[in-house]
Amino acid sequence: MLEIVAAGFTFHARFEEQDAPRSVAAFKAILPFEDRIIHCRWSGESNWIPWGDRKLGVDGPENATVYPAAGQLLLYPGGVSETELLFPYGHCAFGSKAGLLAGNHFATLIDGHENLAELGRLTLWQGAQEISFRLV
């Protein structure tokens, strides 16, 4: 199980190992880690972590979607846009300045949904927030 702590809120997620095994393995390989999460520019009600040209070793789509539901974490391994992690909290159409993107749905929240909108409000109005990811 994945534990995510952001802006004082704790979330737990299950990995989608059957549907996205390469993305899950790549993400687990960088755990634990801390970063900052910001509000999306083009994707709607979502937060993201931009990773630039960071290579995670995942090639191509895997359990990919453009329209993730709140709490469905996406890993975009780069290509048309930079490598990034998407953490939606509401209506989301994943995209970049290049247009719509399909990200790999690799984890799904199992608790903490009641705090997703507040995390989104914080990143939108107060800027970047500390976030950490670890296995539990």
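Numbering of residues begins from 1 in every chain and follows the order in which that chain's sequence is written. Residues qualify for local features only when their pLDDT is at least 70, as the model is predicted, and side-chain atom pairs are given and counted only at 80 or more; totals for whole chains, interfaces and linings, by contrast, use all residues. Heavy atoms throughout the structure, all of them, feed into the side-chain values; hydrogens and water do not.

Take the pattern of salt bridges next. Salt-bridge detection follows one rule: a side-chain nitrogen of Lys or Arg within 4 Å of a carboxyl oxygen of Asp or Glu. All told, the structure shown has six salt bridges when counted by the stated rule. A salt bridge links glutamate 62 to arginine 22, with the shortest nitrogen-to-oxygen separation between them at 3.3 Å. One end of the pair, glutamate 62, is in the loop between β4 (44-50) and β5 (64-65); the other, arginine 22, is in helix α1 (residues 21-29), and 40 residues separate them in sequence. Residue burial is assigned from relative accessible area. The probe radius is 1.4 Å, only protein chains are included, and a residue is buried under 20% of its type maximum, exposed over 50%, and partly exposed in between. By relative accessible area, glutamate 62 is classed as buried at 7%. Using a relative accessible area of 38% as the deciding quantity, one classes arginine 22 as partly exposed. Think of it this way: any DSSP run of H or I at least four residues long counts as a helix, any run of E at least two long counts as a strand, and we number them from the N terminus.

Moving on to the environment of alanine 29. Of note, alanine 29 is situated in helix α1. Using a relative accessible area of 63% as the deciding quantity, one classes alanine 29 as exposed. Between the alpha carbons of alanine 29 and asparagine 47 there is a distance of 22 Å; along the sequence they are 18 residues apart.

A few words on the packing of aromatic side chains. Ring pairs are drawn from Phe, Tyr and Trp, using the six-membered ring of Trp, whenever the two centres fall within 6.5 Å, and their geometry is named by plane angle: stacked under 30 degrees, edge-to-face over 60, tilted for the rest. Throughout the structure, instances matching the rule amount to seven aromatic pairs. When the centroid spacing of 5.6 Å and the interplanar angle of 85° are considered together, the rings of phenylalanine 27 and phenylalanine 133 count as edge-to-face. Note that phenylalanine 27 is positioned in helix α1 and phenylalanine 133 in strand β11 (residues 129-135), a separation of 106 residues in sequence. Between the aromatic rings of phenylalanine 33 and phenylalanine 133, the centroid separation amounts to 4.8 Å while the plane-to-plane angle is 25°, which identifies the pairing as stacked. Placement of the pair is phenylalanine 33 in strand β3 (residues 33-39) and phenylalanine 133 in strand β11, with a sequence separation of 100 residues. Here phenylalanine 33 and phenylalanine 133 have matching classes, each one buried. Put simply, the rings of Phe27, Phe33, Trp51, Phe106 and Phe133 touch in pairs and so form one group of aromatic residues. Taking the ring centre of tryptophan 51 as reference, the NZ or CZ of arginine 54 above it sits at 4.9 Å. Throughout this description, the term charge over a ring refers to an Arg CZ or Lys NZ atom that lies within 6 Å of the ring centre and within 35 degrees of the ring normal.

Without other data, these values stay purely geometric and don't point to any function.
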